[in-house]
Amino acid sequence: MSNLASIPCMTFAGVANLCRVFEIDERAPQVLALRKDFPAVPHINVEIEEFPRSLCLYEDDYDDLKRNWTALRFLERIRSGVSLPQKGALHDLNQPLEPLLPLSPFNLIIPEDLISSGDTLKPLHLYGWEDGGHQVMFLSEVPNAPTNRPPQKQGIAVPIRTPAQQATFIHSIPRSLQDLHDLLIPAEFDLIEHLRGILKGWMQNDEIRSHHHTYLWLIISVPLQRIVNGPVEKMSTWAFMISEELATIGEKIGVWQRQGQQLGYVMVPREYLAKDLPVCLFNPIFELSRNQAGLCNGEVERYTGKIVGIGMGALGSQVFDNLVRSAFGEWTVIDKDIFLPHNGARHALPGIYAGWGKATAMSAWANNTISGSQIAKGIVANVTHPKENASDVSAALDSADLILDMSASVAVARYLACDSEAKARRCSLFLSPSGTDLVLLAESSDRSTSLDILEMQYYRQILSEPSLDGHLGDQGTRIRYARTCRDVTAVIAQDLVAMHSAIGSRAIKNICRSENATIAVWRVNEATTEVTCSTLASAPVIRVAKGDWEIRTDQVFLDKVFAQRVARLPNETGGVLVGSFDNDRKLIYVVDMLPSPPDSIEWPTSYIRGYAGLRDQITSIQRRTLSNLSYVGEWHSHPQSHPSNASADDLAALTILADNMKAESLPAVMLIVGENDSYTFLVREAP
């Protein structure tokens, strides 16, 4: 310790103390107990030399302390620090056990399962690099460092787990292998003999024999008990580098002897020279495990279900990154695209992944973030046409507990809802074209309300909810990133994507804790960054088969039509059906209706629909829903005491309507509603 002055400080209860004041005001004054018999108690700093013992008075950083530090408070801190041990107030029974050794300024990053799964007969490679004056060592089979700074191999390591021992207060740092050996004697563990056995086994390893000039690290884990033979309360792990090359270590503990460049067994044991092998303490830091990641994110009970994430674009990559960092789920990610330079403006990946498949890169990123077995697998494929990856995609979907679509593709969402036979619940998460809004569609856990129905109900919400005005209307702007007509990308601010990805990842966590179907829209006010959320309870689907076609609607729509009929009694009334056709799957979605135009003719036994303002209404619906909803057919009511059965006039009108729809190769659709909430759908295709 340099640049310090030593001055006598004070005496409490016959304990002489020395206060070391540092010339540079960057750490608290150090208080030393000069009595040779000062007891080994908690809260003593560990130093190279055990005596004089240094009192640990503060837990906080000195930069935070010195704002309120005064000489009087300091003296009182010393008084209480000395008097408590004299009163027997050593360890509170509820206080966690103290570590046996202090932290070191040198860091060694080790796999989280090293001690439980480590094979001591297999040499583990150590790599390292230095950045900003901080040297970091990394224990791994494969170097896990920034790709532009390849690490250098630094040595080999061996994991060691000792028997349990009672926690004590260690107040000097081991400086030699012999000191370390003596430290483990209370655990009835012979470190040197154990190490001799390991090195003998390594003699058969050609790599070790050819690299006997490398260094050796010992990663030692000691189970600690509060009382002898009591339960293990914590695991204390240390790491030590033996500051001699491996060949010298083997010689000094009697394993082998060097003859030139060769190593030969020592047949007759001789005296150990472990005291001549200096050791350096390293601070072992475990890699981020699933459990630790969950705890750091407040996930006490980690979700372990299998998730298939489809679409690793701007939103998808950042939602996936958020969820992986909390170890939420076990993942397969699917995306057909490669990561291009312009993607870096709004993507979780850094630019060094340019040219990689997004799915491959994101899974690699996740597996480098969370240690242990792979938390993610990547498949570069189009989920609707996976071609050579069909079996992998099918297996992932079939084994999933949740399928999360973040592709922003209606085609993908419709395939998942209608064509995939996977049993998993589906969710869809996407941004509005302007990037200011986020949409979540989540099926119920039993899939009684499927994703395609939720999509249609979401469009109806856009039409009926004033707060969603302009939600899909603003297409934003696009810029060209390459030369072809399709090489364009939307202009959306990264901070909006980041904000929505945080909302989206939290929403996915909540969905996995709920069984209900959900439709939710979050809107951001760009000027104030205020976020508002609109939610809608979903309605169960009603399916009506009509020849080759199937009509899909819900009770909310039917209730709206029934109410309109009652409001216009005793006259008949009618209007236009709003929905969507899916020609590939022969599906007709009917989700809303327009009431009778003002120029219509309504009588108690007849109805003639007008057309005033109708074209403008349909155009507005198409604009507000990006043409996902439009005109699909006609509806009318029957008078009191009459059911919804089609009359001869109804069938004749349906024939005329079918001829009109033939031009677009679409069927005619008619809905009739009658007494007692009866209804009849009619579908006809012109020959």
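Residues numbered from 1 in each chain as written. Predicted model: local features only at pLDDT ≥ 70, side-chain atom pairs only at ≥ 80, totals over all residues. Heavy atoms only, no water.

Draft legend 1. The nonpolar core, seen in detail. By size, the foremost hydrophobic cluster in this structure holds 40 residues, and its most contacted members are Phe320, Trp331, Leu404 and Leu429. The contacts of Leu429, once residues within four sequence positions are left out, are Leu315, Val319, Leu404, Asp405, Met406, Leu438, Val439, Leu440 and Gly504. Ala187, Leu216, Phe240 and Val279 belong to the second-largest nonpolar core, a separate cluster that totals 36 residues. (Core = buried A, V, L, I, M, F, W, Y, C linked by side-chain atoms within 4.5 Å. Buried < 20%, exposed > 50% of the residue type's maximum accessible area, 1.4 Å probe, protein only. Contact = heavy atoms within 4.5 Å.)

Draft legend 2. Structural view of the side chain of Ser600. Tracing the backbone shows Ser600 in the loop between strand 29 (587-594) and strand 30 (601-603). Among the polar contacts made by the side chain of Ser600, one reaches the main-chain carbonyl oxygen of Pro597 at a distance of 2.9 Å. Leave out the neighbours within four places in its chain, and Ser600 touches Tyr607, Ile608, Arg609 and Gly610. (Helix = DSSP H or I, 4+ residues; strand = E, 2+ residues; numbered from the N terminus. Polar contact = N/O pair within 3.5 Å; in protein donor to acceptor, adjacent residues only side chain to side chain.)

Draft legend 3. Expanded view of the side chain of Arg552. Within the secondary structure, Arg552 sits in strand 27 (residues 549-554). Within the structure, the side chain of Arg552 is placed 2.6 Å from the side chain of Asp452, a separation counted as a polar contact.

Draft legend 4. Region of interest: the sheet that holds strand 24 (residues 518-524). Spatially, 18-17-16-19-20-21-24-25 is the arrangement adopted by the eight strands of the open sheet, whose pairing is mixed. The open sheet has two free edges, formed respectively by strand 18 (376-379) and strand 25 (531-536), since each of these has just one partner strand. When the angles between neighbouring strand axes are averaged without regard to direction, this sheet yields 15 degrees. Across five bridges, the pairing between strand 16 (residues 306-310) and strand 17 (residues 330-334) is parallel. In the strand pairing of strand 17, Ile307 is matched with Trp331. Sheet strands touched by helix 12 (residues 410-418): strand 16, strand 19 (402-405) and strand 20 (425-431). Its angle to strand 19, the strand with the most contacts, is close to 160 degrees. (Pairing = 2+ DSSP bridges. Axes fitted to C-alpha atoms, helices over the stretch in contact; angles between N-to-C directions.)

Draft legend 5. Region of the structure containing the environment of Pro598. Mapping Pro598 onto the fold places it in the loop between strand 29 and strand 30. Each C-alpha atom of the pair Pro598 and Tyr611 lies 8.0 Å from the other, and the pair is 13 residues apart in sequence.

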